Amino acid sequence: MIRTALLSLALGLAGPALADTPVAIAIHGGAGTIERSKLDEATEAAIRAELAAALDAGHAILDEGGTAQAAVIAAVTRLEDSPYFNAGKGAVFTADGRNELDASIMLGKGQRAGAVAGLTRVKNPILLAEAVMQRSPHVMMIGAGAEAFAKEVGIAFVDPSHFRTEGRWQQYLDWKARQGQPRAQAPKDRYFGTVGAVALDRQGELAAATSTGGMTGKRYGRVGDAPIIGAGTWADEGCAVSATGWGEFFIRLAVAHDICARVRYGKAGVEAAAEEVVMRRVPELGGDGGVIALDAKGQVSLPFNTRGMYRGAIDGKGRRTIAIYDDEGGADAAQP
Ligand code: ASP
């Protein structure tokens with residue numbers, strides 16, 4: 001009996017399914033000034049394929065009765081390993097020309113959470129965030145300490161050069177060349193590609209996970225919203241959110257928590273709640289970005305106030321979407 005339970009845990013299998021409970025998943029690969037003119041056809045096709053693979057990896061786990069936790073981990077690790085997104089391989093560069101990675105995970109059940117920031121050598125930061133949640137008494141660990149803990153628990157390390165891609169290096173050099181020029185600081189061009197996932201399993205449990213390299217040219221020690229529980233990531237019994245955008249604003253507005261608090265206390269639908277925060281509150285303060293949000297009925301909302309957001313979803317009714325631009329099938333929900 002105990003053996004079966006342990007085996008199920010290892011496979012991320014949930015217990016007996018609740019009748020009629022739908023499964024659902026949404027993912028993002030970042031929001032920003034994503035325009036058709038900036039993406040060639042082959043790159044766009046490759047990005048859509050990567051989004052689809054991550055979405056399907058997570059959904060297959062849910063379909064087979066696996067947990068929301070296992071589903072978001074599968075989707076996010078896949079996106080971290082892809083060079084197209086700003087998380088793990090393909091992370092943006094700091095002002096000093098380094099990669100510093102942040103990630104977090106939260107489970108609706110028991111509101112358990114784990115977060116890491118300022119990593120330079122951990123291959124999949126989301127796996128370390130999960131280990132902090134499951135194998136330490138803490139919620140958040142940073143920098144050298146977090147990497148010492150990673151060693152203790154056997155998390156995979158890579159040489160920092162693993163994260164570097166030529167495209168991100170060029171972005172960094174462009175950013176550097178613009179320093180000192182008027183409007184050099186326009187942060188709206190400085191992020192793309194943070195990744196995240198939210199999922200609902202057969203048990204009715206929700207989970208959210210987010211992973212990022214932050215913003216190009218960020219100063220030493222800067223931490224954005226992605227690893228801040230309540231800002232870039234939140235899950236409770238009724239709602240899960242992962243965010244992407246100009247992190248400082250998402251922290252100041254506690255975006256992910258605010259959306260779920262509106263669902264919980266204000267009785268708003270997840271779509272109305274996410275729209276209100278992303279389309280009104282964030283831009284009112286001067287920020288921009290987007291979120292993926294999911295409720296316990298399997299309703300998905302994918303609002304963003306930028307030109308595009310890499311995104312995908314399979315909602316509780318099985319409706320699937322993969323999209324990039326703001327004119328594709330609406331930003332609010334999974335399309336049939
Ligand atoms: N939110 C991330 C940060 O501020 C950046 C992004 O979403 O691309 O670190």
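Structure: above.
A short tour of the structure in this document, coming up.

Thresholds, definitions, all that
Residues numbered from 1 in each chain as written. Predicted model: local features only at pLDDT ≥ 70, side-chain atom pairs only at ≥ 80, totals over all residues. Heavy atoms only, no water. Helix = DSSP H or I, 4+ residues; strand = E, 2+ residues; numbered from the N terminus. Buried < 20%, exposed > 50% of the residue type's maximum accessible area, 1.4 Å probe, protein only. Contact = heavy atoms within 4.5 Å. Polar contact = N/O pair within 3.5 Å; in protein donor to acceptor, adjacent residues only side chain to side chain. Pairing = 2+ DSSP bridges. Axes fitted to C-alpha atoms, helices over the stretch in contact; angles between N-to-C directions. Near = heavy atom within 4 Å. Areas by Shrake-Rupley, 256 points an atom, 1.4 Å probe, with all protein chains shown as cover. 1 Å grid on protein atoms, 1.4 Å probe; cavity = no way out; pocket = protein on both sides within 12 Å on 5 of 7 lines; lining within 4 Å. Sits in = over half its atoms within 2 Å of the grid points. Nonpolar A, V, L, I, M, F, W, Y, C, P; charged D, E, K, R; others polar. Salt bridge = Lys/Arg side-chain N within 4 Å of Asp/Glu carboxyl O. Phe/Tyr/Trp six-rings, centres within 6.5 Å; stacked < 30°, edge-to-face > 60°. Points joined across faces, edges and corners; volume = space filled by probe spheres on them.

**Considerations on the side chain of Thr94**
Its location among the elements puts Thr94 in the loop between α3 (68-81) and β2 (101-107). Its relative accessible area of 2% is what places Thr94 among the buried residues. Once you skip the residues sitting within four places of it in the chain, Thr94 turns out to touch Glu100, Tyr172, Gly217 and Lys218.

**Let's talk about the side chain of Thr233**
Structurally, the position occupied by Thr233 is in strand β7 (residues 233-235). Given a relative accessible area of 0%, Thr233 falls into the buried group. Within the structure, Thr233 has its side chain in polar contact with the side chain of Ser104 (distance 2.8 Å). In contact with Thr233, other than residues within four places in its own chain, are Ser104, Ile105, Met106, Ala208, Ala209, Thr210, Ala226, Ile228, Val241 and Ala256.

**Some remarks on the sheet that holds strand β8 (residues 239-245)**
One open sheet holds the four strands; their spatial order is β7-β8-β9-β10, and the pairing between them is antiparallel. In the strand order of this sheet, the two ends are held by β7 and β10 (300-301), each with one partner. Contacts between helix α8 (residues 255-264) and the sheet are confined to β7, β8 and β9 (289-295), with β8 contributing the most and set at about 150° to the helix. Across the sheet, helix α9 (residues 270-285) is in contact with β8, β9 and β10; its angle to β9 comes to roughly 165°.

**Things to note about the sheet that holds β2**
By way of backbone hydrogen bonds, the strands of a sheet pair with one another, either parallel or antiparallel. Read from one edge to the other, the open sheet built from eight strands follows the order β4-β3-β2-β6-β5-β1-β11-β12, with strand pairing classed as mixed. Where the open sheet ends on each side, the last strands, each with one partner, are β4 (140-142) and β12 (320-325). Between one strand axis and the next, the sheet turns by 5° as a mean value, whatever way the strands run. For strand β3 (residues 113-119) and β4, the ladder comprises three bridges, and the chain directions are parallel. Following the sheet pairing, Val116 is matched in β4 by Met141.

**Quick notes on the site of the ligand**
In the vicinity of the ligand, eleven residues are found, and the nearest of them are Thr194, Arg222, Asp225, Thr244 and Gly245. In this structure, a nitrogen atom belonging to the ligand sits 2.6 Å away from a side-chain N or O atom of Asp225. Contact distances for the ligand include 2.7 Å between a nitrogen atom and a backbone N or O atom of Gly245. For the ligand, whose accessible area on its own is 270 Å², the fraction buried by protein is 100%. Given that more than half its atoms are within 2 Å of the pocket grid, the ligand belongs to the largest cavity. Considering only residue class, the shell around the ligand consists of three nonpolar, six polar and two charged.

**Some words on the pattern of salt bridges**
Applying the stated criterion across every chain, the model contains 17 salt bridges. Arg320 is the salt-bridge partner of Asp56, the closest N and O atoms lying 2.7 Å from each other. Of this pair, Asp56 sits in helix α2 (residues 41-63) while Arg320 sits in strand β12, placing them 264 residues apart in sequence. Given the relative accessible area of 34%, Asp56 is considered partly exposed. Look at Arg320 and you get partly exposed, because its relative accessible area is 36%. The salt bridge partner of Glu248 is Arg222, with a shortest N-O separation of 2.8 Å. One end of the pair, Glu248, is in helix α7 (residues 247-252); the other, Arg222, is in the loop between β6 (206-212) and β7, with 26 residues separating them in the sequence.

**Observations regarding the packing of aromatic side chains**
For the coordinates displayed, the defined rule picks out six aromatic pairs. Between Phe93 and Tyr172, the aromatic rings sit 5.9 Å apart at their centres with planes inclined by 40°, giving tilted as the arrangement. Linking Phe93 in the loop between α3 and β2 with Tyr172 in helix α6 (residues 166-178), this pair joins segments that are 79 residues apart in sequence. Note on Trp169 and Tyr172: the rings are 5.0 Å apart at their centroids and 40° apart in plane angle, and the pair reads as tilted. Taken together, the positions of Trp169 and Tyr172, both in helix α6 and three residues apart, correspond to about one turn of that helix. A residue is classified by how much of its surface remains accessible, and Tyr172, at 4% relative accessible area, is buried.

**Overview of the environment of Lys151**
With respect to the helices, strands and loops of the structure, Lys151 is situated in helix α5 (residues 143-152). It is 9.9 Å that separates the C-alpha atoms of Lys151 and Leu128, two residues lying 23 residues apart in sequence. Excluding anything up to four places from it in sequence, Lys151 contacts Arg121 and Phe157.

**Section: empty space enclosed by the protein**
One simple way to see leftover space: roll a probe sized like a water molecule over the atoms. Per the counting criterion, the structure on display carries one cavity of 30 Å³ or more. By volume, the largest cavity amounts to about 110 Å³. Taken together, 15 residues make up the lining of the largest cavity; nearest its centre are Thr194, Thr212, Gly214, Asp225 and Gly245. A per-element tally of the lining of the largest cavity places β8 first, with three residues.

These values are about where atoms sit, not about what they do.
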